[in-house]
Amino acid sequence: MIAEQPDHKWILRLYVAGLTPTAERALANIKTICTQHLEGQYALQVIDLLESPALAELDQIFAVPTLVRQLPSPLRKIVGDLSDIPKVMAGLDIKTGPQ
Amino acid sequence: MEISNPKVGTPFPTIEKASTGIAGLDEITGGGLPARRATLVCGGPGCGKTVLAMEFLVRGAQQFDEPGLFVSFEEKPQSLVENFGPFGFDLDALIREKRLKISHIDLSHGEVIETGDFTLTGLLIRLEHGIKEIGAKRVVLDTMENIFSVLGNTENLRAEIARLFHWLRDKRVTALVTGERGKEELTRYGFEEYLSDCVLLLDHRITDQISKRRLRIVKYRGSPHGKDEYPFLVGETGVSVLPLTSLLLDHKVSDERVSTGIAALDDMLAGQGYFRGTTVLVSGKAGTGKSSIAAAFAAAAGARNERCLYFAFEESAAQLARNMRSLGLDLDKWAKQGLLTLQAMRPTFLGLEEHLLGMIHLIDALKPSCVVIDPITNFLSAGDQPEIKAMFMRLIDYLKSRKITLFVTALTAGSDRPDETEEKISSLVDTWIALDLEVVGHERRRQIYVVKSRGMAHSRATRELVMSDHGLSLQGLEP
């Protein structure tokens, strides 16, 4: 599931293990944040570890859901259902400009 | 006829155990760690947790055909492989043969922020993947507790860790989990609450500049176990726990006799010499002939076509052989036939436990039927600590359990009577022979008598020990 946009400033990966309610919550939360604040500048990939277990090693995933901010660097991981939106925003370092 | 010693005859009940293959550990645990359960090994930094954990997997793969998965939350696989080379563990080879897999969970990979509900399913998926890949029967988690410092000590995480251990149990693997020693609890984050089947505590302390490692079994559900603190060493071949006691082994007491190598001394011991598998002490001042009696015993073993291992702590092997040649005892002959190994050592008191371990390794390798320690006094003077005596008790137990006859000499200080000064070890020995010097006219004569000899009607006489180039003999004292 990739939002096709050229020259992404933001590359995000959401690791889940099956589409559990927690995973769906996390996905909805990050989608909301992306559409509101990063429209046109992000790529979001969802990786289901039940389908590709070997990928867990790639980003050293131990907890799910984990959102990995690949870009901008440095790499960051946000663990959990991402329900604390302000904390997620702070973690991703998204500046909230005037709406 | 062999009589079973009732003290150690109680068999362990049948909770299934996974042998560790680690010297001494299987003995004190009554056969190993609980099979298909998780064991917690905790201790401070540098206590040897990781070595013990890795050795558990290596020996499991090599000796018990149980492949092992090592999940490292700290060290990288390459540094583990390098660190274990010096122990003679070729981890690379085991990894190539798919008998070992090291999986690195790098908790420091990227900054981690926790926001809301999560599960450890990511970790479970990686464990599952690793277990399947090599068909692992043993799993190590080293040190998983670090996850608390990354995700925070929350109810969510604790519930997930409980789930992980249930999952491991369902996978029917024997797990070893390491934990960092906490200030008040056994582990920093109270890991012991999840792992209640078996808990081992390692301790590394420095006393009087001497490094000491100890291992204690804090609990072992469903199994009796050794309760002491056991000396534990990280040596050239990995970990050894130094009880090496007879806890598991049913001591057999033998009626069989072995010759002292001196016919007249055999006569004093009810005509037949020492009991096989017992401990013999010969004490006396310098120059009374202790080493000569030890050498006679070693030569007699050779004559019976039995192997003897002789630890010489004061003389070199060549010097001892030369001196004994002058008494008509040809030690070289037995050495050439492989029936006698003369091991000259100088006890450095700093490494006493290492020394004892080295001796035990040699005994294990050579499988002698007789062992001589000449003299043992050098060890005893190394410390009046009760633990030295405890260590010798363990050595004696170890030899007895293997029916090896132990012969030790002890040097008596100048003015002391030879039969009054060895209280440190005399209670541990079965047969005690004392040597003394008596001045008769212008001549000093060696006297020999049996202080005690358990289980036999020994002579109460004092005889003269005569040494000539024809060998050793005893004579009645002139009135």
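Residues numbered from 1 in each chain as written. Chains lettered and ligands numbered in written order. Predicted model: local features only at pLDDT ≥ 70, side-chain atom pairs only at ≥ 80, totals over all residues.

Colleague: Can you break down the overall build of chain A residue by residue, with the values?
Modeller: Along chain A, the regular secondary structure elements total two helices and four strands. The secondary structure elements of chain A, listed N-terminal to C-terminal, are β-α-β-β-β-α. Looking at the 99 residues of chain A, the share that counts as buried comes to 38%. (Helix = DSSP H or I, 4+ residues; strand = E, 2+ residues; numbered from the N terminus. Buried ≥ 20, exposed ≤ 12 C-beta atoms within 10 Å, placed from the backbone.)

Colleague: Now, about the interface of chain A and chain B: what can you tell me, with residues and values included?
Modeller: Residue-level contacts link 28 residues of chain A with 22 residues of chain B. Among the elements of the structure, β4 (76-79) and α2 (85-92) of chain A are those that each provide at least two residues to the side of chain A that touches chain B. Take the side of chain A that touches chain B: its biggest share by element is four residues, from β4 of chain A. Of the residues belonging to the side of chain A that touches chain B, the class tally is 16 nonpolar, six polar and six charged. Bridge count between β4 of chain A and strand β7 (residues 111-114) of chain B: four bridges; the pairing is parallel. Residue pairing across strands places R76 of chain A opposite E111 of chain B, the latter belonging to β7 of chain B. (Contact = placed C-beta atoms within 7 Å. Nonpolar A, V, L, I, M, F, W, Y, C, P; charged D, E, K, R; others polar. Pairing = 2+ DSSP bridges.)

Colleague: Account for the sheet that holds β7 of chain B, with residues named and values stated.
Modeller: Across the sheet, five strands lie side by side as β2(A)-β1(A)-β3(A)-β4(A)-β7(B); this open sheet has mixed pairing. Strands at the two margins of the open sheet, each flanked by one partner only, are β2 (42-48) of chain A together with β7 of chain B. Geometrically, the sheet is characterised by an average inter-axis angle of 20° between neighbouring strands, direction not taken into account. In the sheet, strand β1 (residues 10-16) of chain A pairs with β2 of chain A via seven bridges, with the strands oriented parallel. Residue pairing across strands places L14 of chain A opposite V46 of chain A, the latter belonging to β2 of chain A. (Axes fitted to C-alpha atoms, helices over the stretch in contact; angles between N-to-C directions.)

Colleague: Kindly report on the environment of L186 of chain B, identifying the contributing residues and their values.
Modeller: All names here are of chain B. Locating L186 in the fold gives a position in the loop between β9 (174-180) and β10 (198-207). Residue classification places L186 among the buried positions, given that 20 C-beta atoms sit within 10 Å. With 15 residues separating them along the chain, L186 and L201 place their C-alpha atoms 8.1 Å apart. The contacts of L186, once residues within four sequence positions are left out, are C42, E192, V199, L201 and V218.

Colleague: Please give an account of unusual backbone geometry that cites residues and values.
Modeller: Along the chain, V64 of chain A connects to P65 of chain A via a cis peptide bond; the corresponding omega equals -5°. By the element assignment, P65 of chain A lies in the loop between β2 and β3 (66-71). Here the amide bond leading from L71 of chain A into P72 of chain A is cis, since omega sits at -5°, within 30 degrees of zero. Positionally, P72 of chain A belongs in the loop between β3 and β4. The phi dihedral of D93 of chain A falls on the positive side, at around 65°, and the residue is not glycine. Here D93 of chain A lies in the segment after α2. One non-glycine residue, A270 of chain B, adopts positive backbone phi at about 55°. Relative to the helices and strands, A270 of chain B is located in the loop between α8 (263-268) and β16 (274-275).

Colleague: Tell me about the environment of L50 of chain A, and please be specific about residues and values.
Modeller: Residues and elements named next belong to chain A. If you trace the backbone, L50 turns up in the loop between β2 and β3. Note on L50: 12 C-beta atoms within 10 Å, which makes it exposed. A sequence separation of 31 residues divides L50 from L19, and the C-alpha atoms of the two residues are 9.7 Å apart. Excluding its chain neighbours within four sequence positions, the residues that come into contact with L50 are A17 and G18.

Colleague: Give me the environment of D374 of chain B: which residues, what numbers.
Modeller: All names here are of chain B. If you trace the backbone, D374 turns up in strand β20 (residues 370-374). Accessibility expressed as a C-beta count within 10 Å gives 25 for D374, which makes it buried. Sequence-wise, D374 and V282 are 92 residues apart; in three dimensions their C-alpha atoms are separated by 9.6 Å. Those residues in contact with D374, other than ones at most four positions away along the chain, are S291, A294, Y310, F311, A312, F313 and T409.

Colleague: Before we move on, could you go through the sheet that holds strand β19 (residues 340-344) of chain B and cite the residues and values that matter?
Modeller: All names here are of chain B. With respect to topology, nine strands assemble into an open sheet ordered β19-β18-β20-β21-β17-β22-β23-β24-β25, the strand pairing being mixed. Edge positions in the sheet fall to β19 and β25 (471-476), since each has one partner strand and no second. Pairwise comparison of adjacent strand axes, ignoring direction, gives a mean angle of 25° for this sheet. Examined bridge by bridge, strand β22 (residues 431-440) and strand β23 (residues 443-453) share 10 bridges and lie antiparallel to one another.

Colleague: Give me the lowdown on the nonpolar core, citing residues and values where you can.
Modeller: Residue and element names in this part refer to chain B. Of all hydrophobic cores here, the largest spans 162 residues; its most connected members are V139, F297, A298, L331 and V372. Top contributing element to this core by residue count: helix α9 (residues 290-303), with nine residues. Both of domain 1 (2-241) and domain 2 (252-476) provide at least three residues apiece to this core. Once you skip the residues sitting within four places of it in the chain, A298 turns out to touch C308, Y310, L331, L340, C370 and V372. (Core = buried A, V, L, I, M, F, W, Y, C linked by C-beta atoms within 7 Å. Domains from an automatic or database assignment.)

Colleague: Mind laying out α9 of chain B, listing which residues take part and the relevant values?
Modeller: All names here are of chain B. Along its 14 residues, α9 runs 20 Å from first to last C-alpha, staying within 8% of the 20 Å computed at 1.5 Å per residue. In terms of burial, α9 is largely enclosed, as 13 of its 14 residues are buried. Once α9 finishes, N305 follows within two positions and takes phi at roughly 65°, a positive value. (Expected span 1.5 Å × (residues − 1).)

Colleague: I'd like to hear about α2 of chain A, residue by residue, with values.
Modeller: Residues spaced three or four apart along an α-helix face the same direction, because each turn holds 3.6 residues. Those residues of α2 of chain A that sit buried are V88, G91 and L92 of chain A. The arc that holds every buried residue of α2 of chain A, seen down its axis, measures 90°, which confines them to one face. Where α2 of chain A is buried, its residues touch α1 (21-37), β3 and β4 of chain A together with β7 of chain B. Downstream of α2 of chain A by one or two residues, D93 of chain A has phi in the positive range, about 65°. (Arc of directions from axis to C-beta.)

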